[in-house]
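The residues making up each chain are set out below.
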Amino acid sequence: MSVQTLAPEEKSRQQIMREQRQRDIRRFFHTMFSRRIVIIGAVGTAFFLLIALFAPLIAPYDPNAVDILNKFAPMSAEHLLGTDIYGRDLFSRLVYGTRVSILTGVIATLMAAIIGCLLGMVASFYGGTVDKLLIAACDTFMAIPGTALAMALLSLLGGGMLNMAVILCITTIPGMLRMMRASSLSVMSTDYILAAKLSGENKLKIMIKHVLPNSISPIIVMATQSVGTSIMMESGLSFLGIGIKIPTASWGSIINEARPYLMTSPLYVLAPCICLALLIISLNLLGDGIRDAMDPSLRGA
Amino acid sequence: MEKKELLVEAKNIVTTFPFDKGTRTKAVDGVSFELRRGEIVGLVGESGSGKSVTSMSILQLILPPGKVSGEVHVEGIEGNALDYGPESEQARAIRGGKIGMIFQEPMTSLNPILTVGYQISENIMTHLKVDKAEAKRQAIAMMEKVGIANPEIRYNQYPLEFSGGMRQRIMIAMVLAAKPEVLIADEATTALDVTTQAQILELIQRLTKEEDVSVIIVTHNLGLVARYADRIYVMYGGNIVESGDKYTLFENPSHPYTRGLLAAVPRLDDPKDRKLVPIEGMPPNPAEMPTYCKFYARCPFREDRCKEKLCDLRAEPEKDHYVRCYLTREEIEAKHRAMGEQSQAAAAKQISDEVCLEVDHLRMSFPLYRGMMKRKIGEVHAVQDVSFYVRTGETLGIVGESGCGKSTLAKCIMRALTPAEGKILYKGTDIAHMKEHDLKPIRSKITMIFQDPFSSLDPRQTAESIVGEPLKINHLVHSKAEYDARIDELFSLVGLNPAYRTRVPREFSGGQRQRLGIARALASNPDVIICDEPVSALDVSVQAQVINLLEDLQAKLHVTYLFIAHDLSVVKHISDRVMVMYLGRVMETAKAETLYENPLHPYTKALLSAVPISDPKVEAGRERIKLLGEVPSVLERPKGCPFCERCQYATDRCRAEVPTLRDHGDGQAVACFLYE
């Protein structure tokens, strides 16, 4: 036996468990923020999240209130970033646009992660024909360029935020499915899964109790990174004029509207572009941090 | 013997790595050693002892942020080699040129996309500055020297086309082709089968003489250095704790750690009832490396003065024998006697006559597909016609090299695989082709201990739920109180503190994890436990703890073990009877002592002779049987006796017919035509 002292028995088991969890969480954040730049990413993401959450409080005007006499107003105390082609307050539109971007990105990714996880588990659980069919379907979807697929689906279903989210979700699912399938297959080949099988546990329980918790971390990492991709795609589609319906403010559609006036009022184009770039960079940095913290090779005693 | 010329001399090497916020941990802490021409030196230690880091430090292979200080003098290089810096002309001349190194993994140390010939001749061209044609000529000559048949043809083959042992030969050829004066073999044979290991080391020993190189063998295996080395350095916690001539060291071990190691390792020539004496505790954590004697916490002879300051190496009465311990050998002996002779005999166990598990003509094969249409082109017969029985309370050891089918056999008995043919009788019931539903009650009676204590425990489960899972699945407990009591009982049974039940696997050490695995296997009150290489992933000092635990549990709980391992010494130590397998067939079964004293099958003889014994005196007197070739792939199984191609007694009949297992009296049975 090894030389160890007895832990004080007075501590209740719940207490020990709680302390353990707190230690784990602390360790998680410690690794995550061990690189300074991840903090910048987290702060940036939090900043945009707050803006989206409190948009009505932050925006000084109704984003859709038209004031045609006051179009292309320059920066002023009244209109922080000036006004657009219809005299709408650009700042307010950007603030509301944050909402659209983050909401579509998050909803699309969440749905994709859940569906992708489920289907990935199904593929690895049943194997054989089911697996082959699902993988073939994935390959088919992945063979079509994402933007082309989204455009086709959009023209089929029509624009709007919900449709947009659904379509972005569909383009994200194949990646998630493949990732989950690979990850759960590798977990299923470990000895502890064999041990569970040999102790007579039924297969479904093994999947839920052992395989799912051990194979989910790459999905979480992938999800944080795919929020950014979805937002990018949303803006891209809105820029093409087939995404979010006008007059709803979206960064992509603002850029589209402002495109002809790049020379005369550069801020009109630049402001939404900068917002978009900052949010995407922040999300990617945060995603990198989460990936580092969840990487099992960096974990352990 | 007059002293030969000094080739490498290391003085006070300290290698540190950064650790948590500014502090640095010393992986190697003041190591000094010397290597003379024509010598084979052994550097022995467990994982974390700093033996590999030492050899890498000499070659300046330590990457930043690691730092090396000290002095390294290499013959022919002026001054301290470490002063030149790792990328200097001199350092590169030493690496590969003066000193060659072979690593553990022959798979990863060769570049898979270049032919072996290209890799060897490239090395020759770099170091000997010869032209391409000359390099090729030398490379082929070298390949021939290391025992590769048809070197002209194999020159153009890729590493993928060679077996593990052959790749290691290629590595040796590549390293020696540059005509180094020193060869460092860092666990070079650890990943290989025993018979291949013996072949490779014998090759190195022969080449030492022919090519006049000196060798440093870095290993954890005491037997290996007892057989092949001339001088030995024992390392622990980054220090050399003892050094000396191999005969001196094994005869008069002076450091408590060396003594402990020798008592903890099972030997092939052990008497049947020898009880191993494990070294208590675990090797020190690099984060909390003490500044005094590193072995203090585990030393049974420790005194207060040991804690004051690290002892210097001091000379023992024998020539060139140094030890790092304040206590003299007499003091240790006296203390050892005062502590009293611990019960040396293993706990008595009962073996009943009742046969608990019987396997009858078991066959298992895997289909082999090829081509676009996945056409079935044949079958791999992993297990061919295996029959045996185990009695209640008995331990049956199953030994064999890789590919012999021992793990497939275990999986069939566990019914993780369904055998193609044959019967598996558990207490008279055939479970070989039982449906999963009917198997459930039997699953709790036959359990398994896995090899890898890291991958066999769910990293996200707590210790308690790992051990408790079989209890819940099989409804063996009926209330929370009963469950808690049973968990505590199981934890104490395997020597784990029940307070650790809420920890997750990564918070345990390797040995403790294996204890958890054992507790899980015991939870459902099994009759048979299949132990698949249960100690091969553990350090030698921890191995003995687990082996003793398994023995004690058997005496206490009257369970039956099927002990599968490749390490013959361990199998012989723990088993009552041993079954030797080769390419899916049983070659010989016998009582453990009989097998060692009177092996019959030529393969058993060769296998036994390949296992080194950690006593140079015994080693010197042993007959060595050289085996031809390597274990063939299961795809190229010979038509007759599976061993016929490597057997020196093979006749035409052996090549045509498969011998069956015949009884040879006293529980010994052998499958060989020599004994008909």
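Residues numbered from 1 in each chain as written. Chains lettered and ligands numbered in written order. Predicted model: local features only at pLDDT ≥ 70, side-chain atom pairs only at ≥ 80, totals over all residues.

Quick notes on the overall build of chain B
Reasoning step 1: For chain B, the helix and strand inventory stands at 22 helices and 23 strands.
Reasoning step 2: Against the 2.2 N^0.38 benchmark of 26 Å for 676 residues, chain B shows a C-alpha radius of gyration of 26 Å, consistent with a compact globule.
Reasoning step 3: Along the first, second and third principal axes, the C-alpha set of chain B runs to 75 × 65 × 50 Å.
Reasoning step 4: The proportion of buried residues among the 676 residues of chain B is 47%.
Reasoning step 5: Here the analysis covers contacts within chain B between residues at least 6 apart in sequence; of these, 66% occur between residues at least 24 apart. (Helix = DSSP H or I, 4+ residues; strand = E, 2+ residues; numbered from the N terminus. Rg over C-alpha atoms; globule rule 2.2 N^0.38 Å. Buried ≥ 20, exposed ≤ 12 C-beta atoms within 10 Å, placed from the backbone. Contact = placed C-beta atoms within 7 Å.)

Side note on the overall build of chain A
Reasoning step 1: When helices and strands are counted, chain A shows twelve helices and zero strands.
Reasoning step 2: Secondary structure elements in chain A, listed N-terminal to C-terminal, are α-α-α-α-α-α-α-α-α-α-α-α.
Reasoning step 3: Dimensions of chain A, computed from C-alpha atoms along their principal axes, come out at roughly 85 × 50 × 25 Å.
Reasoning step 4: For chain A, buried positions account for 39% of its 301 residues.
Reasoning step 5: Expressed as a percentage of contacts within chain A between residues at least 6 apart in sequence, the contacts between residues at least 24 apart total 69%.

Comments concerning the interface of chain A and chain B
Reasoning step 1: Contacts between the two partners involve 27 residues from chain A and, on the opposite side, 30 residues from chain B.
Reasoning step 2: Secondary structure elements with two or more residues in the side of chain A that touches chain B: helix H1 (13-32), helix H8 (191-198) and helix H9 (203-215) of chain A.
Reasoning step 3: Of the residues forming the side of chain A that touches chain B, the biggest block, seven residues, is contributed by H8 of chain A.
Reasoning step 4: Looking at the side of chain A that touches chain B residue by residue, the classes come out as 13 nonpolar, nine polar and five charged. (Nonpolar A, V, L, I, M, F, W, Y, C, P; charged D, E, K, R; others polar.)

Regarding unusual backbone geometry
Excluding glycine, most residues fall at negative phi; most peptide bonds, likewise, are trans.
Residues and elements named next belong to chain B.
Reasoning step 1: Positive phi is not limited to glycine here, since Gln-60 has a value of about 55°.
Reasoning step 2: Position of Gln-60 relative to the elements: it lies in the loop between helix H1 (51-58) and strand E4 (67-74).
Reasoning step 3: Residue Gln-60 is classed as buried on the basis of its 21 C-beta neighbours within 10 Å.
Reasoning step 4: Despite not being glycine, Asn-525 has its phi angle at roughly 50°, a positive value.
Reasoning step 5: Here Asn-525 is to be found in the loop between helix H16 (510-522) and strand E18 (528-532).
Reasoning step 6: Taking the C-beta count within 10 Å as the criterion, Asn-525 has 14 such neighbours and is therefore assigned partly exposed.

Concerning the packing of helix H14 (residues 463-473) of chain B against helix H15 (residues 480-493) of chain B
Residues and elements named next belong to chain B.
Reasoning step 1: For the pair H14 and H15, interaxial distance at closest approach is 10 Å and the crossing angle is 115°. Our pair here, H14 against H15, has a crossing hand that is right-handed. Between H14 and H15, the residues in contact are Glu-464, Val-467, Gly-468 and Leu-471 and Tyr-483, Arg-486, Ile-487 and Leu-490, respectively.
Reasoning step 2: Residues belonging to the contact of H14 with H15 are distributed by class as follows: five nonpolar, one polar and two charged. (Axes fitted to C-alpha atoms, helices over the stretch in contact; angles between N-to-C directions. Left-handed = near helix turned anticlockwise from the far one by under 90°.)

Let's talk about the sheet that holds strand E15 (residues 421-426) of chain B
Residue and element names in this part refer to chain B.
Reasoning step 1: With antiparallel pairing, four strands are arranged side by side in an open sheet as E13-E12-E15-E16. Edge positions in the open sheet fall to strand E13 (375-391) and strand E16 (429-430), since each of these has one partner strand only.
Reasoning step 2: Pairing geometry for strand E12 (residues 355-370) and E15, over five bridges, is antiparallel. What sits directly across from Val-359, in E15, is Ile-424. (Pairing = 2+ DSSP bridges.)

Observations concerning the sheet that holds E4 of chain B
Adjacent strands of a sheet pair through backbone hydrogen bonds, lying either parallel or antiparallel.
Residue and element names in this part refer to chain B.
Reasoning step 1: The three strands are arranged E2-E1-E4 in an open sheet whose pairing can be described as antiparallel. Strands at the two margins of the open sheet, each flanked by one partner only, are strand E2 (23-36) and E4. Put simply, the sheet's adjacent strands are angled 5° from each other on average, direction ignored.
Reasoning step 2: Both strand E1 (residues 6-19) and E2 contribute to a ladder of eleven bridges, which runs antiparallel. The partner of Val-8 across the bridge, within E2, is Leu-35.

Remarks on the nonpolar core
Reasoning step 1: Judged by nonpolar contacts, the single largest core of 190 residues is most densely connected at Ala-173, Ile-217, Ala-519, Leu-562 and Phe-563 of chain B.
Reasoning step 2: The element contributing the most residues to this core is helix H6 (residues 164-177) of chain B, with nine residues.
Reasoning step 3: Ile-217 of chain B has contacts with Ile-40, Gly-42, Leu-43, Ala-185, Leu-224, Val-225, Tyr-228 and Ala-229 of chain B, leaving out every residue within four places of it along the chain.
Reasoning step 4: Counting 57 residues, the second largest nonpolar core, distinct from the first, contains Ala-59, Phe-91, Val-100 and Ala-123 of chain A. (Core = buried A, V, L, I, M, F, W, Y, C linked by C-beta atoms within 7 Å.)

What to know about the pairing of strand E3 (residues 40-44) of chain B
Each regular strand carries side chains that alternate between the two faces of the sheet.
Residues and elements named next belong to chain B.
Reasoning step 1: In terms of burial, E3 is largely enclosed, as five of its five residues are buried.
Reasoning step 2: Neither face of E3 is open: one carries Ile-40, Gly-42 and Val-44, the other Val-41 and Leu-43, and all of them are buried.
Reasoning step 3: Sheet topology places E3 next to strand E7 (residues 214-219); five bridges connect them, and they run parallel. Note on E7: the bridge partner recorded for Val-41 is Ile-216.
Reasoning step 4: Alignment of E3 against strand E8 (residues 231-236), held across four bridges, turns out to be parallel. Residue pairing across strands places Val-44 opposite Val-234, the latter belonging to E8.

Some details on the confidence of the model for chain B
Reasoning step 1: Predicted confidence across chain B gives a mean pLDDT of 85, with 97% of residues reaching 70 or more.
Reasoning step 2: As scored by the predictor, the complex reaches a pTM of 0.82 and an ipTM of 0.75. (pLDDT = per-residue confidence, 0-100.)

Some words on the environment of Leu-553 of chain B
Residue and element names in this part refer to chain B.
Reasoning step 1: Position of Leu-553 relative to the elements: it lies in helix H17 (residues 540-557).
Reasoning step 2: Here Leu-553 falls in the partly exposed class, since 19 other C-beta atoms lie within 10 Å of it.
Reasoning step 3: Here the alpha-carbon distance between Leu-553 and Leu-522, two residues 31 residues apart in the chain, equals 9.4 Å.

Brief notes about the environment of Glu-19 of chain A
Reasoning step 1: Within the secondary structure layout, Glu-19 of chain A lies in helix H1.
Reasoning step 2: Sequence-wise, Glu-19 of chain A and Asn-256 of chain A are 237 residues apart; in three dimensions their C-alpha atoms are separated by 53 Å.

Comments concerning H16 of chain B
The α-helix winds at 3.6 residues per turn, so residues separated by three or four positions along the chain end up facing the same way.
Reasoning step 1: Over its 13 residues, H16 of chain B extends 19 Å from the first C-alpha to the last, a length consistent with the 18 Å expected when each residue adds 1.5 Å.
Reasoning step 2: Buried residues dominate H16 of chain B, accounting for twelve of its 13 residues.
Reasoning step 3: The set of residues buried in H16 of chain B consists of Gly-511, Gln-512, Arg-513, Gln-514, Arg-515, Leu-516, Gly-517, Ile-518, Ala-519, Arg-520, Ala-521 and Leu-522 of chain B.
Reasoning step 4: Where H16 of chain B is buried, its residues touch H8 of chain A together with strand E17 (446-449), H14, H15, E18 and H17 of chain B. (Expected span 1.5 Å × (residues − 1).)

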